[in-house]
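# Coordinates in review
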Amino acid sequence: MTEAILLVGGKGTRLRPLTVHTPKPMVPAAGVPFLTHQLARARAAGVDHIVLATSYLAEVFEPHFGDGSALGLHLEYVTEKEPLGTGGAIRNVAERLHSGPDEPVLIFNGDILTGLDIRALVGTHESTGADVSLHLTKVTDPRAYGLVPTDGTGRVLAFLEKPQTPEEIVTDQINAGAYVFRRSVIDTIPAGRPVSVERETFPGLLAAGAHLQGMVDSTYWLDLGTPAAFVRGSADLVMGRAPSPAVPGRRGDRLILPTARVAPDAKLTGGTVVGEGAFVAEGARVCGSTILPGAVIEPDAVVTDSLIGSRARVGERSVLTGAVVGDGAVVGADNELRDGVRVWCDARIPAGAVRFSSDQ
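This write-up is about the structure you can find in this document.

Glancing now at the overall build of the protein chain. From N to C terminus, the protein chain includes 7 helices and 28 strands. For 360 residues, the compact-globule estimate of 2.2 N^0.38 gives 21 Å, and the C-alpha radius of gyration of the protein chain, at 22 Å, lies within 12% of that figure. Seen through its C-alpha atoms, the protein chain measures out along the principal axes to roughly 70 × 50 × 35 Å. Among the 360 residues that make up the protein chain, the fraction classed as buried is 55%. A separation of at least 24 residues holds for 51% of the contacts in the protein chain among residues at least 6 apart in sequence.

In this section: the packing of aromatic side chains. Each aromatic ring pair is characterised by the separation of its centres together with the angle its planes make. With the rule as written, the count across this model stands at 6 aromatic pairs. A centroid spacing of 5.0 Å and a plane angle of 75° characterise the contact between Tyr-179 and Phe-202, whose relative ring orientation is edge-to-face. With Tyr-179 in strand E9 (residues 173-182) and Phe-202 in helix H6 (residues 197-207), this residue pair connects regions lying 23 residues apart in the sequence. The burial state of Tyr-179 is the same as that of Phe-202; both residues are buried. The interplanar angle of 35° and the centroid separation of 6.0 Å between the aromatic rings of Phe-181 and Phe-202 together place this pair among those described as tilted.

A word on the pairing of strand E10 (residues 212-216). The buried fraction of E10 is high, at 4 of 5 residues. When strand E8 (residues 132-138) meets E10, the two strands line up parallel, connected through 5 bridges. Residue pairing in the sheet places Leu-134 in a bridge with Gly-214 of E10.

The next point concerns the sheet that holds strand E27 (residues 342-343). Strand pairing within a sheet occurs via backbone hydrogen bonds; the two strands may be parallel or antiparallel. Overall, parallel pairing links the 6 strands, which are arranged E12-E15-E18-E21-E24-E27 in an open sheet. Bordering the open sheet on either side are strand E12 (254-256) and E27, each of which pairs with just one other strand. Across 3 bridges, the pairing between E12 and strand E15 (residues 272-274) is parallel. Note on E15: the bridge partner recorded for Leu-255 is Val-273. On the sheet, helix H7 (residues 227-239) packs against E12, E15, strand E18 (290-291), strand E21 (307-308), strand E24 (324-325) and E27 and is oriented at approximately 90° with respect to E15.

Once that is clear, we can look at the layout of surface pockets. A volume near 1300 Å³ is recorded for the largest pocket. Lining the largest pocket we find 43 residues, and of these Thr-86, Asn-109, Asp-111, Glu-198 and Arg-199 sit closest to its centre. Put simply, the parts of the chain that give the lining of the largest pocket at least two residues each are helix H3 (85-92), E9, H6 and strand E11 (221-223). Considering each element in turn, the lining of the largest pocket owes the most residues, 5 residues, to E9. For the second largest pocket, the calculated volume is near 220 Å³. Taken together, 17 residues line the second largest pocket, and the ones lying closest to its centre are Pro-227, Ala-228, Val-231, Asp-305 and Gly-322. When its residues are assigned to classes, the lining of the second largest pocket shows 8 nonpolar, 5 polar and 4 charged.

What follows is about helix H1 (residues 34-44). The α-helix winds at 3.6 residues per turn, so residues separated by three or four positions along the chain end up facing the same way. Burial within H1 is extensive, with 9 of its 11 residues counted as buried. Turning to H1, its buried residues are Phe-34, Leu-35, Thr-36, His-37, Gln-38, Leu-39, Ala-40, Arg-41 and Ala-42. Backbone geometry just after H1 places Gly-46 at a positive phi near 105°.

About the criteria used
- Residues numbered from 1 in each chain as written.
- Predicted model: local features only at pLDDT ≥ 70, side-chain atom pairs only at ≥ 80, totals over all residues.
- Heavy atoms only, no water.
- Helix = DSSP H or I, 4+ residues; strand = E, 2+ residues; numbered from the N terminus.
- Rg over C-alpha atoms; globule rule 2.2 N^0.38 Å.
- Buried < 20%, exposed > 50% of the residue type's maximum accessible area, 1.4 Å probe, protein only.
- Contact = heavy atoms within 4.5 Å.
- Phe/Tyr/Trp six-rings, centres within 6.5 Å; stacked < 30°, edge-to-face > 60°.
- Pairing = 2+ DSSP bridges.
- Axes fitted to C-alpha atoms, helices over the stretch in contact; angles between N-to-C directions.
- 1 Å grid on protein atoms, 1.4 Å probe; cavity = no way out; pocket = protein on both sides within 12 Å on 5 of 7 lines; lining within 4 Å.
- Points joined across faces, edges and corners; volume = space filled by probe spheres on them.
- Nonpolar A, V, L, I, M, F, W, Y, C, P; charged D, E, K, R; others polar.

As structure tokens, this is what we get:
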């Protein structure tokens, strides 16, 4: 296997305001754009040609990664004029592939952090003679996912919508977002219109008698679609819980990038990342959080499980838990922001304006 398609066209609406100026795959995780981790893992598995299917803020990708030579890859970029869905995006880039009709093409989504054994998925695909092979993972609560039951040999039996009742939960296996397609199967996807592989392509292939193979790999897996998940994924990369050859430093409790400044008595724990040019002042405590480039954490602020955008500022003694602060926003001193709050880009919160406790 030498080539892959990487789907990076989504708008990342669940991650806003992080994705107002930055496409989701380019938001930094563990110090580098998340996409870097995926590209590095693909390269380590033997992939050397990757076509990026872009759409939203497509102009951001190529200036950063270029032709991919710095990562030992050959990268190409194809931009959708109109969103085409997962299947439509795959079909839209097919002409850039070099594989023969029966050769395998790896396809993966730009928002999944996983420890998947890519070589094993391709090996399963080839040894079973499948038309499409899917990475499946087991989850404790499958209600939020589409279910993919398989027989004793791993052959896919059905694609079931998100279960609404306990009786509908017939398996704990879900589609984990990485596939190997026989090259010729990609050409059967309708061109020029939106297509969902999950809702149209896979069920259609199954109904036509195609061989769809599932491989269960329950190593680390996380959908980075929400701010809380993205922050956790970044921290897991820093601490070594999630595998990546692209983390720019030693695994541990914190990752401080070049040109970042951290006061000697500031405390950084839980896989915290401090981006380039950022500053964490004296007495500040930051746990499990991502501080993007140029952001400032003022004295005695407490930031937990949060993401602070580029050039944003968190004021003295402010306490943030599970918060997202957009690029250039300012949270004044003595504020308390709790789980799920999103401060939009360039917003200004005055000192002492938001609290969940008394001011005493």
